[in-house]
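Observations on chain architecture
One-letter residues, chain by chain:
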Amino acid sequence: VLALLASGASYAFLLAALFLLHTQATFFSPAKWGLPPEILAAGDVSKANGWMNMTTYAAIVGGSAAGAALWDVHQDTPLVIGAVFVGLALLGTLLIWRVPVSPLPKQPARFSWNPLAGLFVGVPLLASTPGALGAAVGKAAFWMVGALLY
């Protein structure tokens, strides 16, 4: 998006690109976090979640550093920056085919239009699991501080 801004793209086009980027993330995130319990043994889910969190943070920090380095080198050629990001997206698309297919659930979950409905189940479950509530609050605080500082 920053490369598009540097190339003189209109703000409407930039907002559309940002909207599409976040729409993709909206669909990807629930699938990413919902997959480990379906394909791993119960004892391995926590470890898998830890690895996913670690690689997510490493990708954010590494991507920020790499983006700044790309900008320093290719500031006058934003198409090169765009090509690098498209290449990374294509690599991610190829790698996703290596993820095992999860079996369909025997009983599909019912969809609730109430966005707070999951809290009534999730918070007591977190509170009953030793260390889980503290980890969830810590993660939420980390993202909140990151959002405020960014």
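Summarised in this report is the structure supplied together with it.

**Remarks on the overall build of the protein**
If you tally the helices and strands in the protein, you get 6 helices and 0 strands. Helices and strands appear in the protein in the N-to-C order α-α-α-α-α-α. Its C-alpha atoms give the protein a radius of gyration of 19 Å, clearly above 15 Å, the size a compact globule of 150 residues would have. Counting only C-alpha atoms, the protein reaches 55 × 35 × 30 Å along its principal axes. Put simply, the protein has 150 residues, and 7% of those count as buried. For the protein, the accessible area works out to roughly 12,200 Å², and carbon and sulfur atoms hold 75% of it. Looking at the protein, you have 6 positive and 4 negative side-chain charges, and the mean spots of the two groups are 18 Å apart.

**With respect to the packing of helix H2 (residues 11–39) against helix H3 (residues 45–74)**
Contact geometry of H2 with H3 gives a least axis separation of 9 Å together with a crossing angle of 155°. On the basis of their axis angle, the class for H2 and H3 is roughly antiparallel. The chirality of how H2 crosses H3 is right-handed. Contact residues: H2 offers Lys32, Trp33, Pro36 and Pro37, while H3 offers Val45, Ala48, Asn49, Met52, Asn53 and Thr56. Along the lines of polarity and charge, the residues of the contact of H2 with H3 split into 6 nonpolar, 3 polar and 1 charged.

**Observations regarding the packing of aromatic side chains**
Going through the model one piece at a time under the given rule, you end up with 4 aromatic pairs. Seen in terms of ring centroids, Phe111 and Trp113 are 4.8 Å apart; in terms of plane orientation they differ by 85°. Their pairing is edge-to-face. Grouping residues by exposure puts Phe111 and Trp113 together as exposed. Taken together, the ring pairs connect Tyr57, Phe142 and Trp143 into an aromatic cluster.

What counts, and at which threshold
- Residues numbered from 1 in each chain as written.
- Predicted model: local features only at pLDDT ≥ 70, side-chain atom pairs only at ≥ 80, totals over all residues.
- Heavy atoms only, no water.
- Helix = DSSP H or I, 4+ residues; strand = E, 2+ residues; numbered from the N terminus.
- Rg over C-alpha atoms; globule rule 2.2 N^0.38 Å.
- Buried < 20%, exposed > 50% of the residue type's maximum accessible area, 1.4 Å probe, protein only.
- Areas by Shrake-Rupley, 256 points an atom, 1.4 Å probe, with all protein chains shown as cover.
- Lys, Arg positive; Asp, Glu negative; His and termini not counted.
- Charge placed at Lys NZ, Arg CZ, Asp CG, Glu CD.
- Axes fitted to C-alpha atoms, helices over the stretch in contact; angles between N-to-C directions.
- Parallel < 35°, antiparallel > 145°, perpendicular 65-115°, else oblique.
- Left-handed = near helix turned anticlockwise from the far one by under 90°.
- Contact = heavy atoms within 4.5 Å.
- Nonpolar A, V, L, I, M, F, W, Y, C, P; charged D, E, K, R; others polar.
- Phe/Tyr/Trp six-rings, centres within 6.5 Å; stacked < 30°, edge-to-face > 60°.

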